[in-house]
Amino acid sequence: NAGVMQNPRHLVRRRGQEARLRCSPMKGHSHVYWYRQLPEEGLKFMVYLQKENIIDESGMPKERFSAEFPKEGPSILRIQQVVRGDSAAYFCASSLNWDSTNEKLFFGSGTQLSVL
Amino acid sequence: TQLLEQSPQFLSIQEGENLTVYCNSSSVFSSLQWYRQEPGEGPVLLVTVVTGGEVKKLKRLTFQFGDARKDSSLHITAAQPGDTGLYLCAGALGGNKLVFGAGTILRVKS
């Protein structure tokens, strides 16, 4: 049973280009979360999606960032017109359901985005 | 400003020593989780504590949730080099978001 799969592991973009980060949740999981991690900072919540629906995007920057989780295929985090400040590790997590007292969140290995 | 403050930020100890790391907040959480993260990898869940005053043990690791559910501690007995990593606490405020602390980097020297 494969875990959460993220690709690419490393992504280098020049300023102004687009970055697409992909996440395949664990088999059977319908809840997907994206987090961003900067050095010496904790993971910051970005967005929570279920199949075809964005449930909570309160952590997403209002511009240039979007996320989707289509009926078929992986979840995509898209960053348009990247800037150097977007450089970070982006982690995807999935869960079977959501119950903060019992639910286990499984994280992928992350995508390290570097903007030149 | 971090909602969850972790201390210390860095800890370097010798194999066999004991240590405690702390996770503090002014907010009340419905639950609190501890994760361990290794370089280049995602966090891995160690434990979830739910009830105020709860104590959970995982081999040499002891986790405690404060009575008021605002803070937590992780105690490691007889640390080993394999314990080296970044330890993160994360609080559930309700709903589906976890708020993470900045973490404690632990290095255990052999």
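Just above, that's the structure.
What comes next concerns the included structure. (Residues numbered from 1 in each chain as written. Chains lettered and ligands numbered in written order. Predicted model: local features only at pLDDT ≥ 70, side-chain atom pairs only at ≥ 80, totals over all residues. Heavy atoms only, no water.)

Glancing now at the sheet that holds strand β8 (residues 75-79) of chain A. Residues and elements named next belong to chain A. With antiparallel pairing, the four strands of this open sheet are ordered in space as β1-β3-β8-β7. This sheet does not close on itself; its edge strands, each paired only once, are β1 (5-7) and β7 (65-68). Recorded for the sheet is a direction-independent mean angle of 15° between the axes of neighbouring strands. For β1 and strand β3 (residues 19-24), the ladder comprises three bridges, and the chain directions are antiparallel. Counted as the bridge partner of Q6 is C23 from β3. (Pairing = 2+ DSSP bridges. Helix = DSSP H or I, 4+ residues; strand = E, 2+ residues; numbered from the N terminus. Axes fitted to C-alpha atoms, helices over the stretch in contact; angles between N-to-C directions.)

Now for the pattern of salt bridges. By the definition in use, this model includes six salt bridges over all chains. B:D83 is the salt-bridge partner of B:R60, the closest N and O atoms lying 2.9 Å from each other. Of the two residues, B:R60 sits in the loop between β6 (55-58) and β7 (61-65) while B:D83 sits in the loop between β8 (71-76) and β9 (85-92), which places them 23 residues apart along the sequence. Through salt bridges with shared partners, a single network forms among A:E18, A:R20 and A:R78. (Salt bridge = Lys/Arg side-chain N within 4 Å of Asp/Glu carboxyl O.)

Residue and element names in this part refer to chain B. For T104, the location among the structural elements is in strand β11 (residues 104-109). Owing to a relative accessible area of 0%, T104 belongs among the buried residues under this scheme. Within the structure, T104 has its side chain in polar contact with the backbone oxygen of P8 (distance 2.6 Å). Excluding its chain neighbours within four sequence positions, the residues that come into contact with T104 are Q6, S7, P8, Q9, V21, G85, L86 and Y87. (Buried < 20%, exposed > 50% of the residue type's maximum accessible area, 1.4 Å probe, protein only. Polar contact = N/O pair within 3.5 Å; in protein donor to acceptor, adjacent residues only side chain to side chain. Contact = heavy atoms within 4.5 Å.)

A separate point is the environment of B:E54. All names here are of chain B. Within the secondary structure, E54 is located in the loop between β5 (44-49) and β6. In this structure the C-alpha to C-alpha distance between E54 and F65, which are eleven residues apart in sequence, comes to 5.3 Å. Apart from residues no more than four positions distant in its own chain, E54 is found in contact with V49, F63, Q64 and F65. Polar side-chain contacts of E54 include one of 2.7 Å to the backbone nitrogen of V50.

All names here are of chain A. With respect to the secondary-structure elements, G108 resides in the loop between β10 (106-107) and β11 (111-115). The exposure class assigned to G108 is buried, which follows from its relative accessible area of 2%. Along the chain, G108 and I79 lie 29 residues apart, while their C-alpha atoms are 19 Å from each other.

What follows covers the pairing of β11(B). Residues and elements named next belong to chain B. Here β11 shows a buried face lined by T104, L106 and V108 and an unburied face lined by I105, R107 and K109. Summarising the sheet, strand β2 (residues 10-14) and β11 pair through five bridges and their orientation is parallel. Residue pairing across strands places I13 opposite V108, the latter belonging to β11. Relative to β11, β9 runs antiparallel, the two sharing three bridges. Paired with L86 across the two strands is I105, which belongs to β11.

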